[in-house]
Amino acid sequence: MRLIDLEPKTEAFLADAETSLAESPPRLHSKHLYDEAGSDLFDAITRVPEYYLTRVERSIFETYLPEMADAVGAGARVVEFGAGLGDKTRHLIEALHDPAEVVLIDISKEALIRGATGLESTFEGLDVTAICADYDEQITLDASAHRSVVFFPGSTLGNFTQSAAIEFLGRQARLAGPGGGLILGVDLVKDLPTLIAAYDDAAGVTAAFNLNLLTRLVEAGGQAEPTHFKHESRWNPVHDRIEMHLVATEPTSLKVGATTLQLEAGDSLLTEHCHKYTPARLDAILTQAGWTRARTWTDADAKFAVIWATA
Ligand code: AVJ
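It should be emphasised that the depicted structure is a prediction, and the values quoted were computed from it without experimental measurement.

Student: Which residues make up the site of the ligand, and what are the values?
Tutor: Close to the ligand lie 13 residues; Tyr51, Gly154, Tyr199, Glu272 and Cys274 are nearest. A distance of 2.6 Å is found between an oxygen atom of the ligand and a side-chain nitrogen or oxygen belonging to Tyr199. In the environment of the ligand, a nitrogen atom lies 2.6 Å from a nitrogen or oxygen atom belonging to the side chain of Glu272. Surface burial for the ligand is 96%, taken as the share of its 350 Å² of free accessible area covered by protein chains. Of all elements in the fold, only helix H2 (36-45) and strand S11 (268-275) reach the threshold of two or more residues within the shell around the ligand. Its residues placed into classes, the shell around the ligand shows nine nonpolar, three polar and one charged.

Next comes the structure, spelled out in structure tokens:
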């Protein structure tokens, strides 16, 4: 296994919070949700009944992996954004015809090394490279005779605004090069109650995930009163996205570095947005990024889609 270390300087959570809380409207960035406790909570979210995304995507892969393997073709270089720890990566590699190489890209070095080492020991003879880098980084790969296929499952694209999604996928089109491919998992627009519940489960796991951000802020040395907030999932119809908010239930203040923020009951902090796509909106993004959608695999209720696009 080869490790290429482009890890950015740890952007201090506090410094980032100091800036983002001073924005209007105030916010905290979703990337900070995934500390150790947050990653465990997200893992638990994927198992609550309301959060259909992981389950439905898995069923699509189970049904259509052979078709995906045919679309990808033999001898591919798979470039995955994510640590490659899960079943998704293993099942994809297993299904592909003679995969040549896997490149994993992730910001979390520890998870990355674990994922890369695991793949290497599972698939003998597979060439595994791990790149520790931010998704914002323009990654360049050695020239290769192999077709490069970017793998970006899990609807993680949904965290990007439309312009950021175009930028990200545009970089991946340049990375894959002409003839390269993309396997992308995206969540689709659907009825509101289903969407709202997926981000506000009855057991309160998503609420705990969101509120953990305030606990983290206090642990890092900021001042906040987590008990003065509640979790809310809201639909934003302008951007077709679910937004997670931390809503003040009483007047409260936050203080981080030079930023002091006074909130009244009902005021909120935006912590994450999860875009949902229609085929038309997805195509607009893909086209502007240099991709052409060639295949779409979906479940019987068209909740989620896995698409195959070519550069
Ligand atoms: C990890 C970004 C795919 O948006 O569905 C789940 C994150 N946040 N519940 C999503 C999340 C709250 C998740 N992604």
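Now that the structure has been shown, we can carry on.
Student: Before we move on, can you summarise the packing of H2 against helix H8 (residues 205-219) with the specific residues and values?
Tutor: Following both chains from N to C, one finds H2 and H8 inclined at 160°, their axes separated by 9 Å at the closest point. Between H2 and H8, the angle is such that the two are roughly antiparallel. With respect to the hand of their crossing, H2 and H8 are arranged in left-handed fashion. Listed contacts from H8 to Ala37, Gly38, Leu41, Phe42, Ala44 and Ile45 of H2 are Val205, Thr206, Ala208, Phe209 and Asn212. Across the contact of H2 with H8, the residue classes break down as eight nonpolar, three polar and no charged.

Student: Requested: an account of the side chain of Thr252, with residues and values cited.
Tutor: Among the structural elements, Thr252 can be located in strand S9 (residues 252-256). Beyond its immediate sequence surroundings of up to four residues, Thr252 is in contact with Glu225, His228, Phe229, Leu261, Gln262 and Leu263.

Student: Give me helix H5 (residues 109-122): which residues, what numbers.
Tutor: Compared with the 20 Å implied by 1.5 Å per residue over 14 residues, the 20 Å span of H5 between its first and last C-alpha is a close match. On its buried face, H5 is in contact with strand S1 (2-5), helix H4 (87-95), strand S3 (101-106) and strand S4 (127-132).

Student: Now, about the packing of aromatic side chains: what can you tell me, with residues and values included?
Tutor: On inspection of all chains with the given rule, the structure shows 14 aromatic pairs. When the ring of Phe61 is compared with that of Phe151, the centres are 5.9 Å apart and the planes differ by 80°; the resulting orientation is edge-to-face. Here Phe61, found in helix H3 (residues 52-72), pairs with Phe151, found in strand S5 (residues 148-152); they are 90 residues apart in sequence, far enough to count as distant. The pair formed by Phe61 and Phe151 is uniform in burial state, with each residue classed as buried. Ring centres 6.4 Å apart and planes at 20° place the aromatic pair Phe152 and Phe160 in the stacked group. The exposure class of Phe152 is buried, given its relative accessible area of 1%.

Criteria and thresholds
Residues numbered from 1 in each chain as written. Predicted model: local features only at pLDDT ≥ 70, side-chain atom pairs only at ≥ 80, totals over all residues. Heavy atoms only, no water. Near = heavy atom within 4 Å. Polar contact = N/O pair within 3.5 Å; in protein donor to acceptor, adjacent residues only side chain to side chain. Areas by Shrake-Rupley, 256 points an atom, 1.4 Å probe, with all protein chains shown as cover. Helix = DSSP H or I, 4+ residues; strand = E, 2+ residues; numbered from the N terminus. Nonpolar A, V, L, I, M, F, W, Y, C, P; charged D, E, K, R; others polar. Axes fitted to C-alpha atoms, helices over the stretch in contact; angles between N-to-C directions. Parallel < 35°, antiparallel > 145°, perpendicular 65-115°, else oblique. Left-handed = near helix turned anticlockwise from the far one by under 90°. Contact = heavy atoms within 4.5 Å. Expected span 1.5 Å × (residues − 1). Phe/Tyr/Trp six-rings, centres within 6.5 Å; stacked < 30°, edge-to-face > 60°. Buried < 20%, exposed > 50% of the residue type's maximum accessible area, 1.4 Å probe, protein only.

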